[in-house]
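Chain residues, written in single-letter form:
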Amino acid sequence: MTAAAYDRSLLARALRVAATLLLVVLPALHAADGIAQAGATSVPGLRLPRDVVPLAYDARLRVDPNDDAFSGVIDITVRVLEPTDIVWLNAKKLTILDAQGAILATPEEVLPATVLPGSDDVIGLQFARVLAAGEVRLSLRYTGSIQRTSGVGLFRQQEASRWYAVTQFEPLDARRVFPSFDEPDRKATWKLTLTVPAAMRAFANMPVEAERAAEKGWREVSFQRSPPLPSYLVAFAVGEFDVRDGGRAGVNNTPISIITPKGRAAEAAYAATHTGTILAATERYFGRPYPFPKLDLLAYPLATFGGAMENAGLITYTARNLLARPEEMSPRFEQRFVGITAHEIAHMWFGDYVTMAWWNDLWLNESFASWMASTITNELRPDWSRDGWRSRQRSVAMEIDRLVTARSIRQPVTEYGEVRAAFDGITYAKGETILTMFEQWLGADKFREGVRRYIGKHAWGNATAEDFFAALAADDDALVPALRGFVERAGVPLLDVALDCSGPPVLKLAQQRFLPVGTPPQKGEKWAFPACFEFGDAKRGRQVCALVNEATQVVRLPAGACPQWVVANRGGLGYYLPRLTPALYAALPQAEPVLAPADYAGLLGDLAMLSGNGALAFEIVLPIAARQAVNADAQAARRAYELAGSVPTAMVDAANGPRYAAWLRNHFGDRARALGWLARKGESPDVLRLRDTAVALVADRGQDTALARKAQQLAQRWLTHRSAIPRESLQLVLVGAARSGGKDAPRLFDALLLLVKSSKDANERRDVYAALVAFRDPALLTRALAIILEPQFHAREAGNLLEDAFADPATRPTALAWFAANAPAIALATPPEMQAAFPVWASDICTGAERAQFVAAFEALPTQREGGARTYRESLEKIDGCLALRRARQAPFNAYLGALK
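Conventions and cut-offs
All residue numbers refer to positions counted from 1 along the written sequence of the respective chain. Totals for whole chains, interfaces and linings use every residue, but because this is a predicted model, local features are given only for residues with pLDDT of at least 70 and side-chain atom pairs only at 80 or more, for both listing and counting. The side-chain quantities take in all heavy atoms of the structure and omit both hydrogens and water. Counting from the N terminus, the helices are DSSP H or I runs at least four residues long and the strands are E runs at least two residues long. C-alpha atoms define the radius of gyration, and 2.2 Å times the number of residues to the power 0.38 defines the globule rule. Any two residues whose heavy atoms approach within 4.5 Å are treated as being in contact. Accessible areas in this description were obtained via Shrake-Rupley with a 1.4 Å probe; residue shielding takes into account the shown protein chains only. Under the convention used here, Asp and Glu are negative, Lys and Arg are positive, and both His and the chain ends fall outside the count. Charged groups are reduced to one reference atom each: NZ for lysine, CZ for arginine, CG for aspartic acid, CD for glutamic acid. Buried Ala, Val, Leu, Ile, Met, Phe, Trp, Tyr and Cys residues that are joined via side-chain atoms within 4.5 Å together make up what is termed a nonpolar core. Throughout this description, buried means an accessible area under 20% of the type-specific maximum (1.4 Å probe, protein chains only), exposed means over 50%, and partly exposed covers the range between. Criterion for a disulfide: a pair of cysteine sulfur atoms at a distance within 2.5 Å. By definition here, a helix of n residues has an expected span of 1.5 Å times n minus one. Throughout, the bend at a residue refers to the angle made by two axes, fitted to the seven residues ending there and to the seven starting there. Side-chain atoms alone can form a polar contact between residues adjacent in sequence; in general such a contact is a pair of N or O atoms within 3.5 Å, and within protein one must be able to donate a hydrogen while the other accepts it. Paired strands are those between which DSSP finds at least two bridges. Here, axes are lines fitted to C-alpha atoms. For helices the fit covers the stretch in contact, and angles between N-to-C directions go from 0 to 180 degrees. By convention in these notes, a salt bridge is any Lys or Arg side-chain nitrogen within 4 Å of a carboxyl oxygen on Asp or Glu. A pair of aromatic rings is counted whenever rings of Phe, Tyr or Trp (Trp by its six-membered ring) have centres within 6.5 Å, and the orientation is called stacked for planes under 30 degrees apart, edge-to-face for over 60 and tilted otherwise. Either the NZ atom of lysine or the CZ atom of arginine qualifies as a charge over a ring when it sits within 6 Å of the ring centre and within 35 degrees of the ring normal. For every residue, the predictor states its confidence as a pLDDT score lying anywhere from 0 to 100.

**What to know about the overall build of the protein**
Then, number 1: A tally of helices and strands in the protein yields 28 helices and 28 strands.
Then, number 2: Relative to the compact-globule value of 29 Å for 901 residues, the protein shows a C-alpha radius of gyration of 29 Å, a close match.
Then, number 3: Seen through its C-alpha atoms, the protein measures out along the principal axes to roughly 95 × 70 × 55 Å.
Then, number 4: Taking all contacts inside the protein whose residues are at least 6 apart in sequence as the whole, residues at least 24 apart take part in 71%.
Then, number 5: Accessible area of the protein: about 33600 Å², with a carbon and sulfur share of 54%.
Then, number 6: For the protein, the distance from the average position of its 101 positive side-chain charges to the average position of its 97 negative side-chain charges is 4 Å.

**So, the nonpolar core**
Side chains of nonpolar character tend, in soluble globular proteins, to be buried together.
Then, number 1: If you look at the biggest cluster of nonpolar residues, it comprises 263 residues, and the most contacted ones within it are Phe 178, Phe 236, Phe 668 and Phe 858.
Then, number 2: Take this core: its biggest share by element is 9 residues, from helix H28 (residues 868-898).
Then, number 3: Counting residues in each nonpolar core, the second largest holds 14 residues, with Leu 172, Leu 233, Trp 358 and Ala 422 among its members.

**A closer look at the state of the cysteines**
Then, number 1: Under the criterion given, the structure shown has 3 disulfides.
Then, number 2: Each disulfide pairs two cysteine sulfurs, and for Cys 501 the partner residue is Cys 562, the sulfurs being separated by 2.0 Å. Taking the sign of the torsion about the S-S bond as the criterion, the disulfide between Cys 501 and Cys 562, at about 80°, is right-handed. Pair noted here: Cys 501 is in the loop between strand E22 (493-500) and strand E23 (506-513) and Cys 562 is in the loop between strand E26 (552-556) and strand E27 (565-568), with a separation of 61 residues, a long-range link.
Then, number 3: Residue classification places Cys 562 among the partly exposed residues on the basis of a relative accessible area of 43%.
Then, number 4: Covalently, Cys 532 is tied to Cys 545 through a disulfide, its sulfur atoms 2.0 Å apart. Because the torsion about its S-S bond is 105°, the bridge between Cys 532 and Cys 545 counts as right-handed. Taken together, the positions of Cys 532 in strand E24 (residues 529-536) and Cys 545 in strand E25 (residues 541-548) put the pair 13 residues apart, joining distant regions of the chain.
Then, number 5: Taking the relative accessible area as the measure of exposure, Cys 532 reaches 27% and is therefore partly exposed.

**Observations regarding H28**
Then, number 1: End to end, H28 covers 42 Å across 31 residues, agreeing with the expected 45 Å (1.5 Å per residue, within 8%).
Then, number 2: The sharpest bend along H28 measures roughly 55° and falls at Arg 889, with the proline Pro 892 sitting one to four residues further on.

**So, the environment of Asn 321**
Then, number 1: Within the secondary structure, Asn 321 sits in the loop between strand E19 (314-318) and helix H3 (331-347).
Then, number 2: Its relative accessible area of 11% is what places Asn 321 among the buried residues.
Then, number 3: The spatial distance from the C-alpha of Asn 321 to the C-alpha of Ala 99 is 42 Å, given a sequence separation of 222 residues.
Then, number 4: In contact with Asn 321, not counting residues within four places along its chain, are Gly 307, Phe 333, Arg 336, Phe 337 and Ile 340.
Then, number 5: For Asn 321, the side chain forms a polar contact with the side chain of Arg 336, separated by 3.1 Å.

**Description of the pairing of strand E28 (residues 577-580)**
On any regular strand, side chains alternate: one points to one face of the sheet, the next to the other face.
Then, number 1: Neither face of E28 is left uncovered, since the one carrying Leu 577 and Arg 579 and the one carrying Pro 578 and Leu 580 both have all their residues buried.
Then, number 2: Here E22 pairs with E28 via 4 bridges, running parallel. Opposite Val 497, over in E28, you have Leu 580 as the bridge partner.

**Considerations on the sheet that holds E24**
Then, number 1: Strand order in the open sheet formed by 3 strands is E25-E24-E27, with antiparallel pairing between adjacent strands. With one partner strand each, in any of the chains shown, E25 and E27 form the two edges of the open sheet. Between one strand axis and the next, the sheet turns through 25° on average, direction left out of account.
Then, number 2: Alignment of E24 against E25, held across 8 bridges, turns out to be antiparallel. Paired with Phe 529 across the bridge in E25 is Val 548.

**So, the pattern of salt bridges**
Then, number 1: Taken as a whole and judged by the stated rule, the model has 73 salt bridges.
Then, number 2: Two residues, Arg 513 and Glu 525, come together in a salt bridge whose shortest N-O distance is 4.0 Å. With Arg 513 in strand E23 and Glu 525 in the loop between E23 and E24, this residue pair connects regions lying 12 residues apart in the sequence.
Then, number 3: The closest approach of N and O atoms between Arg 680 and Glu 683, which form a salt bridge, is 3.7 Å.

**Points about the sheet that holds E28**
Then, number 1: Ordered in space as E26-E23-E22-E28, the 4 strands form an open sheet in which the pairing is mixed. Every interior strand has two partners, whereas the edge strands, E26 and E28, have only one. Across this sheet, the average inter-strand angle for adjacent strands is 25°, counted without regard to direction.
Then, number 2: Contacting E22 and E28, helix H12 (residues 600-612) crosses the sheet at an angle of about 80° to E28.

**Let's talk about helix H14 (residues 634-644)**
Then, number 1: With respect to burial, H14 is a largely interior element, 10 of its 11 residues being buried.
Then, number 2: Buried within H14 we find Ala 634, Gln 635, Ala 636, Ala 637, Arg 638, Arg 639, Ala 640, Tyr 641, Leu 643 and Ala 644.

**With respect to the side chain of Asp 599**
Then, number 1: With respect to the secondary-structure elements, Asp 599 resides in the loop between helix H11 (582-586) and H12.
Then, number 2: A polar contact is formed between the side chain of Asp 599 and the backbone nitrogen of Ala 596, at a distance of 2.9 Å.

**Observations concerning the environment of Leu 46**
Then, number 1: Locating Leu 46 in the fold gives a position in the loop between helix H1 (3-28) and strand E1 (52-62).
Then, number 2: The sequence separation of Leu 46 and Val 413 amounts to 367 residues, and the corresponding C-alpha distance is 9.0 Å.
Then, number 3: Residues in contact with Leu 46, not counting those within four places in the same chain, are Glu 183, Trp 358, Val 413, Thr 414, Glu 415 and Tyr 416.

**Remarks on the packing of aromatic side chains**
Then, number 1: Scanning the entire structure with this criterion turns up 47 aromatic pairs.
Then, number 2: Considering the side-chain rings of Tyr 290 and Phe 292, the 5.9 Å spacing of their centres and the 70° angle between planes classify their relative orientation as edge-to-face. The exposure classification of Tyr 290 matches that of Phe 292, with both residues buried.
Then, number 3: Ring geometry for Phe 368 versus Trp 371: centroids 5.4 Å apart, planes at 40°, classification tilted. With Phe 368 and Trp 371 both in helix H4 (residues 362-380) and 3 residues apart, this pair spans about one turn of that helix.
Then, number 4: The residue whose ring lies beneath Arg 62 is Trp 218, and the NZ or CZ to ring-centre distance is 3.8 Å.
Then, number 5: Between the NZ or CZ atom of Arg 489 and the centre of the ring of Trp 527, over which it lies, the distance is 4.2 Å.

**Points about the pairing of strand E8 (residues 153-159)**
Then, number 1: Most of E8 sits inside the fold, with 6 of its 7 residues counted as buried.
Then, number 2: Where E8 and strand E9 (residues 162-168) come together, 7 bridges link them in antiparallel fashion. Bridge pairing in E9 places Phe 155 opposite Val 166.
Then, number 3: Hairpin remark: E8 followed by E9, antiparallel, with 2 residues in the connecting loop; positive phi at Ala 160, about 50°.

**A few points about the side chain of Gln 393**
Then, number 1: Of note, Gln 393 is situated in helix H5 (residues 386-401).
Then, number 2: Filtering out sequence-adjacent residues up to four positions away, Gln 393 remains in contact with Ala 429, Glu 432 and Thr 433.

**Observations concerning unusual backbone geometry**
Then, number 1: With omega at 0°, the peptide bond leading from Glu 170 into Pro 171 counts as cis.
Then, number 2: With respect to the helices, strands and loops of the structure, Pro 171 is situated in the loop between E9 and strand E10 (189-197).
Then, number 3: Of note in this structure, Lys 93 is not a glycine but carries a positive phi near 60°.
Then, number 4: Tracing the sequence through the fold places Lys 93 in the loop between strand E3 (84-90) and strand E4 (95-103).
Then, number 5: Judged by relative accessible area, Lys 93 falls into the exposed class, the value being 53%.

**So, the confidence of the model for the protein**
Then, number 1: Looking at the protein, pLDDT values average 91 and 95% of them are 70 or higher.
Then, number 2: Confidence drops under a pLDDT of 50 for residues 1-40, and excluding neighbours within four residues, the segment shows 41 contacts in the predicted structure.

Here it is, written out as structure tokens:
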């Protein structure tokens, strides 16, 4: 730049600064407490400007969990990249008392700052002159709120008369506690100092550096400075916690602690014993040590946004996922703990050590952590058959991804609501399934090498999907376009499979997007994916695999004669939905001597998806389900029961209700009655889940009066003797008794309501809440829902009442009417982050009258809650799909029922 040009740029900058000061500082003369109005200043939206980069934070907070407020002072060392007179920060619901900036040159120069209230999420620090490029220390003194109803930001919860304060910052809630650059690619080091009541303990991401007595009744706890972290991974907790030693594990002998509410350390026995094993196995996969100096697992009463959070060095859990008393210990608890903990520990590398650059790549964090949890669980506990979990996750994803309104795994994130909405089954379940499919494409060893390349190249930094693709492409560049086809586009490939033996036997394949019944097909859509097919006779099966990448193609079978049977996607892990011809489905019994019992789990899940979407007739799939009700594999048998119960209640004409119930009892009743209501010692997690599905289906929709009567007897016995029902079976029994209560229902309801008011056991309360909203009497159900609005009940717990009431077709109409009548009060009483899920909970509607109720109840909700617009659209499309299914399939299905003997 020439000297003349430089002089002109200085003049232009001076004029711009003067104009800005006139627009900004003059209104400040009339603003209260020295806070200026933003005026004509351009306020950032979702993203902050890139002209200032955070380097280090030094935050000092005063936190008392017994109080609704906290105070703080924060110093932020930043590098100014381009001269500016305004520095924009994220801050939400914070009161800034004063602010200044220190130019870190020699000598240091301090400049006062005027605070511009830019928006609900952004503030600006306006300086009297332009800050030159270089390092500056921003200092702010402020106060904020500790949330009581919500479970985000800094919130407090009570257990046994003690208050605990815990943080949940992901995705956009660090700004509720720290004025900060609250974006994932603005990583910086953090040093926290907490002043807390003297009787309490404090924990954070890093080990304690020093403690000292502060003023009377207070104690100051200072923590070591962290490595570079994004704000959403910073965490701390304050309260009368107990600590249980979890030993040391891994290459660096990392210390592990389990932190529990007062008096509950004994409940951490399983976690203390098994966390180190999970950490060491994860280290082996990544080929590098755990990246933080310690690992704490901390339990608090109840989460409202996820069941655990991967804060660096301080994983936080809703207590039910981390702690268990002896009577609550079960294989199902163990499986849940290992799966969740393996997921969160995987994040320490994939998310914390290497962080996504922006929320459009949230899937990089969550899909991989979910995939890794299954991989580590399979290694440590192969008897749990984690592939069954992956097959079920695939079905969860397809249920959303089949919709026209479904989003892609990776999508632009340009609005606040899109950030929280991305924490859904597409990110977690579809993402895990896609990674599983492409791991099979590359092979386990090459896939792991690609992951290690990605982690090593981007250590302590940020990365994008392109970086991940590049790391995998080093072993097979053809993989990347295929992977992009699933990650960057919504939809499920429907693969029609037909056997043609008019010449040498071949399979004729045709792919298209799987869409709800009645939706016009979208021509030209195709994916590239590996697909495998089993075929054979009653003695032997063989496999052939192919890359499916055309709209139609032919696969030759290496067989001399026409096979008797064919199945596709035998393991149920490929992310495509195979649809066989009716003749091939009819031939499935001939495959039973060859296929393993577990092979039917994925097949039955696919049949439920196809029939529920109108792509196959219920008359074809229900006989298959009936045949597999006795399957020796509990996961496959459970899928059979789910398929049998997947027929929407509204699909069954009143005249055929008794026939459908009798069909359920005849084909599914024997096993349900043999399982009974009560768990038995030594049962696997899969058998426990099968019982929940089977007994509830036969007792309720199967109208098995003997089973229902037994539930009522057990419930009455439990009210007198708490040991009468194992904790694993409590909710199942109480809900079963409530649904069939009859004339005794009011008495049982009153007893349960009295109990939930007095119980100190959060797990017990959750089970009783589920029963209270299972009563079919509208008057009783209305009394149960009123709990949500009563201040003596825990708002976070009571919110689950809506989920259960909306899920049951028998209680849903009353629940929707009650919701519509009380919507403003419900919005105040329940956690805001929970409310976007309300439409999802009610999305199994299949009548026109209930659809109208749904619209009346939820149409206004999307504008009020983050993510609400998307969940409302998807839920309404799902409802309309069920109505279309009835129009297309109800008449022939009822003709089928009418012909049953």
